[in-house]
Structure formats: structure tokens, C-alpha cells
Amino acid sequence: MNRFLPFLTAALSLTMIGPALAADRVALVIGVDEYKNLPPEAQLRVAASDATLMAQTLESLNPPFDVTLLTNVSQDNAERALDTFVGKAEGAECALVYFAGHGIEFHGENYLLVSDTNISAKPDEGVRRVKDRLYYESLSLHKLMEDLNETGANLQLVILDACRDNPLEIEAPNGTRSIMGSQGGLGRVNAPSGMLISYSADAGQQANDGLFTSILAAQLKTPGSTLMEVFAQTRLEVRKQATVLQAEGKGVLHEPAEYSKLEPSALRFSFVKGDGNPRPAPSLASTPMVDRQPSEFQSQKVIETKIPGSDQCNQYADLQQKTPCCGRLPSVSSMHGCLEDHRGH
């Protein structure tokens, strides 16, 4: 029996080491194009394909990520996948969550909309009640960040290509409709220790669909580039290509933003291990330009909110026309106050 002992020891060692190695780099990737309870104009075209590109890229790296990819997923399935991911990512070198789709801010909190998100609000409905329903109908970004932080991963990443028009509305008693919460995209966040949150476009900017993820995916493959170099180079390339798209009338100018509170060890993280020789990052020539007609970009839809006889309330429509995606609009509570003032006249 003793002659088999070395083989048994080796087998047990591989069994113990295997899961640990598999959990070194873990990613949950979600993309949502199809929204069952939203109107046709709120449907997206490239979010699912962006998620697929990101998943394939992460799996191709050296060392690779253990990736779970979900497209057009329901809230229940997304929550279950997140729970599984958190368990798998415990103590990992890097735990990464990527989301492409609609994201909104409502009274200081951010939510990621999934395929079966079904919510509307009335002007006289309390903020807390709407927040409670959003919590159960979508993915709370705050909860996602808390869950990710619980993994204790050395590097925790949240990448959000969700700077799109807010598709949710409230309906006033007279039938007029307005945006529920801020009109476009997500609000700024405070990253907990050990985490970096990346947005495809900074606050006050609209993102060109597909641009951010395609450039980031290319930058992730650069051998030896540190974490911050990857995101800085992505920001530079997005700004360059967005400038070209704007000049050609095919898109808008924007650049990504990061919010971070990283530990020193996380700053040295590289998606692809280098060989010790500095290498240039991919340039514009190696990153495919997005070639789309202006009509193919999903720019913001101005939703009519004018109320006859009320100049004060009509200002909301003017603000919607002037405020770009990811900018700020008066909140639902402010709109409600406007409606109440109008009723009193």
C-alpha cells in the first residue's frame, strides 16, 4: 500500500489546489437588450453582444477568468447567479462584475434594469415605496457592491456600460408622462475599499453604444499593462474615437470615468502577465472603429411633459431637451411638487 501513497498525496493536492486556482479570477458578465415590459423605443441592440465580447475576452486572457455569462436575464436568475458568483469569488485575486444595459439613478441610488423589470410610479407615490419596488424589480448597484465587497477579493471590479436613456416614467393625474428619477444613466458612487467602479461615460455625458466595451476588450489583452494603465488607455482611446464620430456626425463626445479606493497590491494587477519587456498598448489602428449611421445610435428620447397653462412645469421639458445622457434632471418628488402647485392654481 505504501507505494501508492505518493500518488494518493499528489491526487489530493491537485483536488485541493484545483478549485483555488479556478477561483483566482472570477467574472459575472450580464448583458440585457430585451426588456419585456418596456416600449419598443427602450429596447437595446448591442448590450448582449457587448457582454458576449467581454466574456470571450476574459476567458481568453492568460491567466483566464472563470466567467459566467448571462444575457437577457430575469431578476430572479440574476440574483441567483450573483449569489453563486460571490461564493465562487471568495478570496480571489480578482472578482469582476460587468453589466451592459439600462441603468438609472433614483433619489441617490442606482439600479440596473433586467429583462423583466416592471415598474412605474405615480407622482404622489412616496420615494421609499418606489425604491423598495426598484430593489425587487432590478439589481441594486449598492447591494451588488456590498456583495462583491464581501468576497474579500484582493481586487474587486464593477464595469458598467449602462449610460443610456432612462426608460422608466411616471404618469401625472392628467395623463402626461415624465422621466422617473434622473433622465439618463447612473449617478456617481463612492467605492468601498478594494474596489474600482468603471462607467462607460462620465456624469453628464451620453455614451456611443458599443464603443467603450470594444476598446476596453482590446486593452485588456495588453501584456504587462497594470490595472490603471488599462483603464487610462481605454479612456484615451474612447475620447479619440468619440471625437472622430462626433466630427463625422455619427456619435457624441464622451469619455469613461472610474471611481476607486484600491489597495496598493491591486494597483499592480495585470490582466495579462507581462514578460518583463514594456509593450505599447493597442492603438486606434488596432481597435476597430465603430462605423454606424447617426440613426443607429440610441440617443436620448425627449418625452413630452408639458402641462397646459403651467410655465413652471413646462421648464421640465426644456431641461430634458438640454440635459444629455447621464446628466441630472429634477427628481420625481420635485415633479410632484410642480404638479401640486399647478393643481392649486
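For every chain, the first residue of its written sequence is number 1, and the numbers climb from 1 along that sequence. In keeping with the model being predicted, local features are shown solely for residues with a pLDDT of at least 70 and side-chain atom pairs are shown and tallied solely at 80 or more, while totals for entire chains, interfaces and linings include all residues. Only hydrogens and water are set aside when side-chain values are computed; all heavy atoms of the structure are taken into account.

1. Notes on the environment of Val 252
Within the element layout of this structure, Val 252 appears in the loop between helix H7 (227-247) and strand E11 (257-261). In contact with Val 252, not counting residues within four places along its chain, are Gln 206, Asn 208, Ala 242 and Gln 246. For the purposes of this entry, the term helix denotes a DSSP run of H or I that reaches at least four residues, the term strand denotes a run of E that reaches at least two, and both are numbered from the N terminus. Should any heavy atoms of two residues lie within 4.5 Å, those residues are considered in contact.

2. Some thoughts on the pattern of salt bridges
Oppositely charged side chains can pair when the atoms bearing their charge come close. Salt bridge, as used here, is a side-chain nitrogen of Lys or Arg placed within 4 Å of a carboxyl oxygen of Asp or Glu. For the structure on display, the rule yields eleven salt bridges. Linking Asp 202 and Arg 188 is a salt bridge whose minimum nitrogen-to-oxygen distance equals 3.7 Å. With Asp 202 in the loop between strand E10 (195-199) and helix H6 (211-219) and Arg 188 in the loop between strand E9 (177-179) and E10, this pair connects stretches of sequence that are 14 residues apart. Across the pair Lys 250 and Glu 248 runs a salt bridge whose closest N-O atoms are separated by 3.9 Å. Here's how the labels work: a residue is buried when its accessible area is under 20% of the maximum for its type, exposed when over 50%, partly exposed in between, all with a 1.4 Å probe on protein chains only. Of the residues examined, Glu 248 reaches a relative accessible area of 46% and is grouped as partly exposed. Several salt bridges converge on common partners, so that one network encompasses Arg 25, Glu 93 and Lys 273.

3. Details of the confidence of the model for the protein chain
Summary statistics for the protein chain give a mean pLDDT of 75 and a share of 64% for residues scoring 70 or more. Across the chain, each position has a pLDDT score giving the predictor's confidence in that residue, from 0 to 100. Scored below 50 in pLDDT, residues 169-182 makes 57 contacts in the model with residues more than four places away or belonging to other chains. With pLDDT under 50 throughout, residues 291-345 is counted as low confidence; its partners more than four residues away or in other chains account for 119 contacts.

4. Digging into the nonpolar core
For our purposes a nonpolar core is just a set of buried Ala, Val, Leu, Ile, Met, Phe, Trp, Tyr and Cys residues, chained together by side-chain atoms within 4.5 Å. By size, the foremost hydrophobic cluster in this structure holds 80 residues, and its most contacted members are Leu 58, Phe 65, Phe 85, Leu 96 and Phe 271. With seven residues, strand E3 (residues 94-100) is the single largest residue contributor to this core. Filtering out sequence-adjacent residues up to four positions away, Leu 58 remains in contact with Ala 27, Val 29, Pro 64, Phe 65, Val 67, Leu 96 and Leu 220.

5. Notes on the packing of helix H3 (residues 75-88) against helix H5 (residues 141-150)
In this analysis an axis means a line fitted to C-alpha atoms, helices contributing only their contacting stretch, and an angle means the value between N-to-C directions, from 0 to 180 degrees. Where H3 meets H5, the closest approach of the two axes is 9 Å, and the angle between their N-to-C directions is 25°. The angle between H3 and H5 places the two elements in the roughly parallel class. Considering how the two elements wind past one another, H3 and H5 form a crossing that is right-handed. Contacts between H3 and H5 involve Glu 79, Leu 82, Phe 85 and Val 86 from the first element and Lys 143, Leu 144, Asp 147 and Leu 148 from the second. Split into classes, the residues belonging to the contact of H3 with H5 amount to five nonpolar, no polar and three charged. The scheme is simple: roughly parallel for angles under 35 degrees, roughly antiparallel for over 145, roughly perpendicular for 65 to 115, oblique for anything else. Crossing handedness follows the turn of the near helix against the far one: under a right angle anticlockwise gives a left-handed crossing, and clockwise gives a right-handed one. Residues were grouped as follows: Ala, Val, Leu, Ile, Met, Phe, Trp, Tyr, Cys and Pro as nonpolar; Asp, Glu, Lys and Arg as charged; and all remaining residues, including Gly, as polar.

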